[in-house]
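Here is how the chains run, residue by residue.
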Amino acid sequence: MRRKLSVFSMIAGHSLGKLLWILLLLPAANGIMFYYSLEEQYRALYRLLDKPAFTAVFAVAFGAVSVILCGALRDRGGRQNNFLDRLQISYRAIYWNQVFYNTLCYFLLFAVEAMSLLGLAFWNRCLFPESGNHQSLMLDCYQTSILHVFFPLSDWLGWTALILLLLGLGICTAAFPAKQRRGKRSITSFIMCIAALLYVHMQVLSHALFPDGKIIILVSGVLISLVAAGGVLSWEVTEDG
């Protein structure tokens, strides 16, 4: 157990500080953009938050997190590999530790974005109380496309797509350093990250209520994840056998 915690602490030591900065800067950037973009004409929240700038801010934060996670536990002159070998932990166990950590980081990123957007919705209602009622939050979530992407309320297909998207991102980004340590390359992490950004973009454009984009990300995400995980796990089985 202590050896597995050593691997987990190595991953966190490489990335946790940088990730916390991103999680702090993301809502700050959203708030600054909201403040400087706010005009009388934008008392309807969806006219403001669905502007491309808010999607772009999340895309930048998402890209930065993905680069940081893909860089954790990459081979650095062989010294890191020697230390991992001395721990006598299988590459499969190291991989699943990193999958869990990466998935958790993406969950925090998406959760912070959702809470940030909900905070902006509350701010907007405070500025324009006459535009709201007792169902304001529900209306905001369904009228504002980007808010509904990250907080889909009763949209079970939206929640399912989000959960599988987070798992797929964790699986694929963990495959990148796992193969890098063995001198291999993995492109599934890039494909999955691009698919995630396209999903958010498509959902915003389609008002996040149509099922097409969710079904596409469900099918493609599962397939890409299977390819990524299978490439790492089957490689170890082949070498051990």
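Predicted model only: the values in this text are computed from it and were never measured.

Rules used in this analysis
- Residues numbered from 1 in each chain as written.
- Predicted model: local features only at pLDDT ≥ 70, side-chain atom pairs only at ≥ 80, totals over all residues.
- Heavy atoms only, no water.
- pLDDT = per-residue confidence, 0-100.
- Contact = heavy atoms within 4.5 Å.
- Salt bridge = Lys/Arg side-chain N within 4 Å of Asp/Glu carboxyl O.
- Helix = DSSP H or I, 4+ residues; strand = E, 2+ residues; numbered from the N terminus.
- Buried < 20%, exposed > 50% of the residue type's maximum accessible area, 1.4 Å probe, protein only.
- Phe/Tyr/Trp six-rings, centres within 6.5 Å; stacked < 30°, edge-to-face > 60°.
- Core = buried A, V, L, I, M, F, W, Y, C linked by side-chain atoms within 4.5 Å.

Colleague: Tell me what's going on with the confidence of the model for the protein, and back it up with residues and numbers.
Modeller: Mean pLDDT over the protein: 82, with 83% of residues reaching 70 or higher. The low-confidence segment residues 237-241, where pLDDT is below 50, has 2 contacts with residues more than four positions distant or belonging to other chains.

Colleague: I'd like to hear about the pattern of salt bridges, residue by residue, with values.
Modeller: Applying the stated criterion to the full structure yields 1 salt bridge. With a shortest N-O distance of 2.3 Å, K214 and D155 are connected by a salt bridge. You can see K214 sitting in helix α10 (residues 212-240) and its partner D155 sitting in the loop between α7 (145-150) and α8 (156-180), a full 59 residues away along the chain. Neither K214 nor D155 differs from the other in exposure class; each is buried.

Colleague: Lay out the packing of aromatic side chains in plain terms, naming residues and giving numbers.
Modeller: In total, this model carries 11 aromatic pairs according to the counting rule given. On the basis of an interplanar angle of 65° and a centroid distance of 4.8 Å, the ring pair of F58 and F150 is categorised as edge-to-face. Placement of F58 in helix α3 (residues 52-71) and of F150 in helix α7 is noted, with a sequence separation of 92 residues between them. Its relative accessible area of 4% is what places F150 among the buried residues. Ring centres 6.5 Å apart and planes at 75° place the aromatic pair F62 and F110 in the edge-to-face group. Of this pair, F62 sits in helix α3 while F110 sits in helix α5 (residues 91-127), placing them 48 residues apart in sequence. Put simply, the rings of F58, F62, Y106, F110 and F150 touch in pairs and so form one group of aromatic residues.

Colleague: How would you explain the nonpolar core if you had to name every residue and give the values?
Modeller: One finds F62, Y95, Y106, L109, F110, F150 and L169 to be the most contacted residues of the largest nonpolar core, which totals 67 residues. Elements supplying a minimum of two residues to this core: α1 (2-37), α2 (45-49), α3, α5, α7, α8, α9 (188-205) and α10. The element contributing the most residues to this core is α5, with 14 residues. Ignoring any residue separated from it by four or fewer positions in sequence, one finds L109 in contact with L23, L26, F58, A61, F62 and V65.

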